Amino acid sequence: MLRLASAGARTIVDLSYARHFLDFQGSAIPHAMQKLVVTRLSPDFREAVTLLRDCPVPLPGDGDLLVRNRFLGINASDINYSAGRYDPSVKTPFDAGFEGVGEVVALGLSASAQYSVGQAVAYLAPGAFAEYMVVPASLATPVPAAAPEYLTLPVSGATAYISLKELGGLTEGKKVLVTAAAGGTGQFAVQLAKAAKCHVIGTCSSDAKAAFLKSIGCDRPINYHSEPVGTVLAQEYPGGVDVVYESVGGAMFDVAVNALAIQGRLIVIGFVSGYQTPTGLSPVKTKALPASLLRKSASVRGFFLNHYLAQHRAAMERLVQMCARGDLVCQVDQGDLSAEGRFTGLESIFRAVDYMYVRKNTGKVVVELPPSVSSRL
C-alpha cells in the first residue's frame, strides 16, 4: 500500500518481499542528506574534510541496515584516516568517520533475520560522518537505546577490552599504568584493570580529570602538569609497573618504557602526540629500546583494532551488557563546556576534533545529530 510522506520526503512503499527497504512502517526518509568527505589528504582535519550537502541517501543491500545516525564518535585517529595513513593507496574523495549510534530505518531482507526497523544499533564502519549510513548487519551491535553512552564502546571500549584481554595478561595485584587515562579509551582501561583487581595509575592533564579518574577507581591519578610522571613512578613504584596501556607516544612512551617492571608489558594503542605532525610520529628514544627491554625481559606490543575484528562482536556484546547494568562508567563529552557550546550537527565535528586535540575532553567526544522533524521513529 502506498504511504503518504511529508513534503520533500521520499514516498515509501511497503516492499517486504523485495531486496531493499523491508517495511519502513511509514518513516519519512528524505531524498538527500549531508555527510563529511575527505577531499584532500592531510592531518589537518579542517583542511582535509569538506561538508557536502544534497548527497543521495544510500540504499541498503540484502544484508545491510540503513541507519539514521543520532550520535557520532570522535577519535584521535580520525586525522590519521583523513591523512591516508591507514591505506597509502587511498584516493580522494572518500567518506570520513568510523562509528555511530542510531536507529535502523530500512534494511535488506537477509538483515531482517536479526534486526528490525526502529531498532537501536551501534556500529564500527568507515564513512560514519553522515546523517544516514548503510551498515552491513555483521558490523552492527544492538543496543538498548540510541544513547551517546553506547557510542563509547565500538572503538574506545573495544580497544581497551580486546587489547588488555589478548595482550595484557592482567591478574590480581598487577600494577597497570594507563596514559591519557581520562580520555575516550583510557577510561575503559582503568575500569577493566580495576575489575581484574589490579592497582591502576592514570596520567591526565588537569585536577578535574584526576578527580574523574578517582571516581572510576583509579588508585593513583597523576596530573602531569603538576607532577612529573617519571618522578612519581620512580619514587612511588620503584619496582616498576607490570602493564602499560599507552596512547600518547613521544616523551610519555619513553617514561613508560623506563617504568616497566621485570617482564613488564607495554601495549601501544596509539601515539596521539604525533598525529598532527607531517609524519604522524613524535620522537622516541628508540636507540636505547632494545637494551631497555633486554635488561628487564620486557616487551612492547602494538594493538590495532582492525586486526582483531574477529573478537569485536563478542567484546561489544560484553561491554553493552556491562554498560546497561551500570557496571561500567561510559563517560561522554558533548562539548557543553567548549567556547561555542554543545557539539550538534555535522558541521560541529570540526570543532569537536579541535577540542579533543587541545585535551579539553573528559571521556569520549561525541557529536549529536538531532532527529528530523519528519521522523516517526
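Here the structure is a predicted model, which is why all the values come from computation and not from measurement. (Residues numbered from 1 in each chain as written. Predicted model: local features only at pLDDT ≥ 70, side-chain atom pairs only at ≥ 80, totals over all residues. Heavy atoms only, no water.)

Take the nonpolar core next. Membership of the largest hydrophobic core comes to 94 residues, with the highest contact counts inside it found for Leu65, Leu153 and Ile349. Top contributing element to this core by residue count: helix α3 (residues 153-168), with eight residues. Sequence-distant contacts of Ile349, defined by excluding residues within four places in its chain, comprise Leu36, Phe45, Leu72, Ile74, Phe129 and Val367. Counting 21 residues, the second-largest nonpolar core is a separate cluster that includes Leu233, Val248, Leu266 and Val268. (Core = buried A, V, L, I, M, F, W, Y, C linked by side-chain atoms within 4.5 Å. Buried < 20%, exposed > 50% of the residue type's maximum accessible area, 1.4 Å probe, protein only. Helix = DSSP H or I, 4+ residues; strand = E, 2+ residues; numbered from the N terminus. Contact = heavy atoms within 4.5 Å.)

One open sheet holds the six strands; their spatial order is β15-β14-β13-β16-β17-β18, and the pairing between them is parallel. With one partner strand each, in any of the chains shown, β15 (220-223) and β18 (299-302) form the two edges of the open sheet. The mean inter-strand angle of the sheet, taken between neighbouring strand axes irrespective of direction, is 15°. In this structure, strand β13 (residues 175-178) lies alongside strand β16 (residues 241-246), joined through three bridges in parallel fashion. Within β16, the residue paired with Val176 across the bridge is Val243. This element, helix α6 (residues 229-236), spans β13, β14 (199-204), β15 and β16 of the sheet and lies at about 150° to β15. Running at roughly 130° to strand β17 (residues 260-268), helix α8 (residues 289-296) makes contact with β17 and β18 of the sheet. (Pairing = 2+ DSSP bridges. Axes fitted to C-alpha atoms, helices over the stretch in contact; angles between N-to-C directions.)

Here we take up the side chain of Arg351. Tracing the sequence through the fold places Arg351 in helix α10 (residues 349-357). Since its relative accessible area comes to 16%, Arg351 is described here as buried. Polar contacts involving the side chain of Arg351 include one to the main-chain carbonyl oxygen of Gly341, which spans 3.2 Å. Beyond its immediate chain neighbours, meaning those up to four positions away, Arg351 contacts Arg46, Ser338, Glu340, Gly341, Arg342 and Phe343. (Polar contact = N/O pair within 3.5 Å; in protein donor to acceptor, adjacent residues only side chain to side chain.)

The end-to-end C-alpha distance of helix α9 (residues 312-325), which contains 14 residues, comes to 20 Å, matching closely the 20 Å that a straight helix rising 1.5 Å per residue would cover. Turning to α9, its buried residues are His312, Ala315, Met316, Leu319, Val320, Met322 and Cys323. Seen from one end, α9 has its buried residues packed into an arc of 165°, which puts them on one side. Each element contacted by the buried residues of α9 is listed here: β10 (120-124), β12 (140-142), α3 and α4 (186-195). Two residues or fewer after α9 comes Gly326, characterised by a positive phi angle close to 85°. (Expected span 1.5 Å × (residues − 1). Arc of directions from axis to C-beta.)

What follows concerns the packing of aromatic side chains. Using the criterion set out here, one finds eight aromatic pairs in the structure. Summarising the aromatic geometry, the rings of Tyr86 and Phe304 are spaced 5.2 Å apart at their centres and angled 35° between planes, so their arrangement reads as tilted. On the criterion of sequence distance, the pair formed by Tyr86 in the loop between α2 (78-82) and β8 (94-95) and Phe304 in the loop between β18 and α9 is long-range, its members being 218 residues apart. You can call Tyr86 partly exposed: its relative accessible area is 37%. Here Phe303 and Tyr308 contribute two aromatic rings whose centre-to-centre distance is 4.5 Å and whose plane-to-plane angle is 25°, an arrangement assigned as stacked. Look at Phe303 and you get buried, because its relative accessible area is 6%. Given the relative accessible area of 15%, Tyr308 is considered buried. Taken together, the ring pairs connect Phe45, Phe129 and Phe350 into an aromatic cluster. (Phe/Tyr/Trp six-rings, centres within 6.5 Å; stacked < 30°, edge-to-face > 60°.)

Residue position: Glu317 is located in helix α9. In sequence terms Glu317 and Thr141 are 176 residues apart; their C-alpha atoms lie 7.3 Å from each other.

Packing of α3 against α4 leaves a shortest axis separation of 9 Å and a crossing angle of 40°. One element, α3, and the other, α4, form an angle in the oblique class. Both α3 and α4 take part in a crossing whose hand is right-handed. Between α3 and α4, the contacting residues are Leu153, Ser156, Gly157, Ala160, Tyr161 and Leu164 on the first element and Phe188, Ala189 and Leu192 on the second. Among the residues making up the contact of α3 with α4, the classes are represented as seven nonpolar, two polar and no charged. (Parallel < 35°, antiparallel > 145°, perpendicular 65-115°, else oblique. Left-handed = near helix turned anticlockwise from the far one by under 90°. Nonpolar A, V, L, I, M, F, W, Y, C, P; charged D, E, K, R; others polar.)

Turning our attention to the pairing of β16. Most of β16 is tucked away, with six of its six residues classed as buried. Bridge analysis of β16 against β17 gives five bridges, and the strand direction is parallel. Residue pairing in the sheet places Val244 in a bridge with Leu266 of β17. For the crossover from β16 across helix α7 (residues 251-258) to β17, the handedness is right-handed. (Right-handed = clockwise from strand over helix to strand, strands pointing away.)

Reading across the sheet, the three strands line up as β6-β5-β8 and stay open at both edges, with antiparallel pairing between neighbours. Across the chains shown, the open sheet's two edge strands, defined by having one partner strand only, are β6 (49-56) and β8.

Turning our attention to the confidence of the model for the protein chain. Averaged over all residues, the pLDDT of the protein chain is 92; the fraction at 70 or higher stands at 91%. The model gives residues 373-377 a pLDDT under 50, and that stretch makes 13 contacts with residues more than four places away or in other chains. (pLDDT = per-residue confidence, 0-100.)

Moving on: the pairing of strand β7 (residues 64-73). Counting buried positions along β7 yields 10 of 10 residues, so the element is predominantly enclosed. Pairing of β7 with strand β11 (residues 132-136), which is carried by five bridges, proceeds in the antiparallel orientation. Within β11, the position partnered with Arg68 by the bridge is Tyr132.

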